[in-house]
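Per-entry structural report
Letter by letter, the chains look like this.
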Amino acid sequence: MAYQLYRNTTLGNSLQESLDELIQSQQITPQLALQVLLQFDKAINSALAQRVRNRVNFRGSLNTYRFCDNVWTFVLNDVEFREVTELIKVDKVKIVACDGKSKLSKTTFFFKEVYPLVPVLLDTYGFCILKVVI
């Protein structure tokens, strides 16, 4: 089963709203809408793992961390995100990371708020960072 956190992106929310409208107008069944969402989960996870080649480095002070049910949660303060030509500073960032090791050797990093819909590959630690909240 693919991770479902990408449903909270602009694209995922738009898809869910469209499916809700189709259900309300009785053009599709709720079961079909669920199948579409499950396919979206698989497709977005696969696309991010295979097609994205951007890299971003970040540095900050670790406030808290937690590991539960194979999910890491980190809260960082005073974080700097560095791309080749850009530097972005934020006061606080929450990172949610799940095990990204599978048949694919690369993992994905998703900046939901800093760069909307711009995932970044990280293949060093083998964790798929699903959500960054600023």
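In the annotation of an unreviewed UniProt entry, the protein is listed under the name Transcription initiation factor IIA subunit 2 and assigned to Equus caballus. The annotation that UniProt attaches to the protein under Function (unreviewed entry) is "TFIIA is a component of the transcription machinery of RNA polymerase II and plays an important role in transcriptional activation. TFIIA in a complex with TBP mediates transcriptional activity." Regarding the protein, the UniProt comment filed under Subcellular location (unreviewed entry) reads as follows: "Nucleus".

1. Quick word on the pairing of strand β1 (residues 57-68)
Two strands pair when backbone bridges link them, and β1 and strand β2 (residues 71-82) are joined in this way by ten bridges, in the antiparallel orientation. The residue of β2 that forms the bridge with Thr64 is Val75.

2. Description of the packing of helix α1 (residues 10-24) against helix α2 (residues 30-51)
Between α1 and α2, the shortest axis-to-axis distance is 10 Å and the interhelical angle comes to 165°. What the angle tells us is that α1 and α2 run roughly antiparallel. Two packed elements cross with a definite hand, and for α1 against α2 that hand is right-handed. Within the contact between the two elements, α1 uses Leu11, Gly12, Leu15, Gln16, Leu19 and Ile23 and α2 uses Pro30, Ala33, Val36, Leu37, Phe40 and Ile44. Looking at the contact of α1 with α2, its residues break down into ten nonpolar, two polar and no charged.

Definitions and cut-offs
Residues numbered from 1 in each chain as written. Predicted model: local features only at pLDDT ≥ 70, side-chain atom pairs only at ≥ 80, totals over all residues. Heavy atoms only, no water. UniProt positions renumbered as here; feature names shortened; annotations may be inferred. Pairing = 2+ DSSP bridges. Helix = DSSP H or I, 4+ residues; strand = E, 2+ residues; numbered from the N terminus. Axes fitted to C-alpha atoms, helices over the stretch in contact; angles between N-to-C directions. Parallel < 35°, antiparallel > 145°, perpendicular 65-115°, else oblique. Left-handed = near helix turned anticlockwise from the far one by under 90°. Contact = heavy atoms within 4.5 Å. Nonpolar A, V, L, I, M, F, W, Y, C, P; charged D, E, K, R; others polar.

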